[in-house]
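Working through the structure, step by step
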Amino acid sequence: MALPQQIAAQMRDGILRGQLPAGTQFLGSREIARELGCSRMVVLSAWDILYAEGYLISMPRGGVSVAAVHRAAELPPAAPTDASRIAGPISQRWQSLIGFTYDTNWESDFSPGAPDISTFPFGEWARLLRQTSQQPDRQECLDLSAAGLPELRRQIADFLGAVRGLVCTPEQVVVTSGTSSALDLCSRMILDHGDAVWVEEPGFVEAQWSLTAAGAKLVPVPVDGRGLCVAEGIRRAPHAKLIVVTPSHQYPLGISMGLERRLELLDWANRNDVWIIEDDYNSEFRHQDSMTASLKSLDREQRVIYLGTFSKIMMPSLRLGYIVAPERFVDIFTRGRARIDVHSSGVGQRALAEFMRDGHLLRHLRRMRKIYAERQQALMTAITTYLPEDLIVAPCATGLHLVALFTDRLKARMSDTEAARLLKAAGLHVQPLSQNHLEAPIYTGLVLGYGRLKADDAPRLIAKMAKILGAAKK
């Protein structure tokens, strides 16, 4: 709502509630503007709205006062603005989703998953967007496949082979509007209402939203030092229809699923006709020479559906991602995508295909790998320097965040949600690890992103964190 409308709404509400009775004379527009910290034109615009509605009248010599307005004896209290009470014919499932509060802040130094866009080659990207818009392909403008632009699908297949060692054909690739869109599409296409789905515990909250929206029954399966506990998943839901995992870089713990667990998971899924969705979260950003193979690369029975996105490599607002599906699913997913939102932006797809073909994406990725590795090391060094008795951290081979687990010493003083609240009040926005659990938290700690964190700022910010946590006593 524009500022004049906001001011008019406040004044209107005061008049109707009797707080501004008929005859009340206002200060001059300049004085009101000075008190509100806005321009005089904003105040005059707000008055014009109320003049037109009959709430204000002009006084001699240019004064403004409240008109005699018929109002109810007592207006009902204003409806709460929190998501716990949502008006309208919304299903209970969606009310719970909309009402769920997930603490995140993309502008924070420590926001998990937030990439640094300051070094992105916007000049080249803008040139390609302009070129694509000015010289569009006529056929693409009229009829673009729901599976995506053929050239982009080809570039994605080549990119995955070079960056992730994943061999696939362009025909297996379906372009989506990001990982959330891909997971939503897969959930709708595969699941019936009430179908059981294994999800990691702790796990990716956004994935839980998509699955819940599709009517799935979420079954939290614990994650240990070797990844998803397959035996526990079998015990909890032996008739599950779908498994959603982040095996190469588990979110949020950063653990890589061991080969034995991967083979165990694939074997059980094959024998029980269960589908696996692999979210290859941030695995492009590896901080060491060795590559963690994707689960899809071990899949011999075409059981794994692989998801990826360009949101972290490029920018979150791009909203382009992809599915690498078993051949039997490609046509089904393509038809399903056509029923939901037809396809992603054709201009964006063409520009991205050219951006990848010209090598800009790989060059940017190589540059950012080095930067993020330095920032991770700076963050770890600062934590071990200033909070060695309170937080336990271990390096992750890939990604844009790490988890700082609470020691028993810090656990005895506060919960991670209390710690996050104290830090947020001091301007340090971090995520409590417990909010990623569906059940009682297994782990207690803080999720700290370093994508936006400048290496030189790490000591100062962690020292500030140490001071805040150290001063907080139970």
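Report on the accompanying structure. Just so it is clear, the structure is predicted and the values come from calculations on it, not from any experiment.

Some words on the sheet that holds strand 12 (residues 401–406)
Read from one edge to the other, the open sheet built from four strands follows the order 11-12-14-13, with strand pairing classed as antiparallel. With one partner strand each, in any of the chains shown, strand 11 (391–392) and strand 13 (431–432) form the two edges of the open sheet. Inspection of the sheet shows strand 12 paired to strand 14 (residues 445–449) by five bridges, in the antiparallel sense. Paired with His-401 across the two strands is Gly-449, which belongs to strand 14. With respect to the sheet, helix 14 (residues 360–386) is in contact with strand 11, strand 12 and strand 14, its orientation differing from that of strand 12 by roughly 15 degrees. Sheet strands touched by helix 16 (residues 416–425): strand 12, strand 13 and strand 14. Its angle to strand 14, the strand with the most contacts, is close to 45 degrees.

Some remarks on the nonpolar core
Judged by nonpolar contacts, the single largest core of 66 residues is most densely connected at Phe-110, Phe-310, Met-314, Leu-448 and Met-465. With 10 residues, the top contributor of residues to this core is helix 14. Counting 33 residues, the second largest nonpolar core, distinct from the first, contains Tyr-281, Ile-323, Phe-329 and Phe-333.

Section: the pattern of salt bridges
Applying the stated criterion across every chain yields a total of 24 salt bridges. For Lys-454, the salt bridge is made with Asp-116, and the minimal N-O distance between the two is 3.4 Å. Here Lys-454 is found in the loop between strand 14 and helix 17 (458–471), whereas its partner Asp-116 is found in the loop between helix 4 (92–99) and helix 5 (122–134), with 338 residues between them in sequence. On the basis of relative accessibility, which here comes to 37%, the residue Lys-454 falls in the partly exposed class. On the basis of relative accessible area, Asp-116 is assigned to the buried category, the value being 7%. Ionic pairing is found between Asp-299 and Lys-296, a salt bridge with its closest N-O pair at 3.8 Å.

What counts, and where the lines are drawn
- Residues numbered from 1 in each chain as written.
- Predicted model: local features only at pLDDT ≥ 70, side-chain atom pairs only at ≥ 80, totals over all residues.
- Heavy atoms only, no water.
- Pairing = 2+ DSSP bridges.
- Helix = DSSP H or I, 4+ residues; strand = E, 2+ residues; numbered from the N terminus.
- Contact = heavy atoms within 4.5 Å.
- Axes fitted to C-alpha atoms, helices over the stretch in contact; angles between N-to-C directions.
- Core = buried A, V, L, I, M, F, W, Y, C linked by side-chain atoms within 4.5 Å.
- Buried < 20%, exposed > 50% of the residue type's maximum accessible area, 1.4 Å probe, protein only.
- Salt bridge = Lys/Arg side-chain N within 4 Å of Asp/Glu carboxyl O.

Take it as geometry only, folks, not as evidence of what the structure does.
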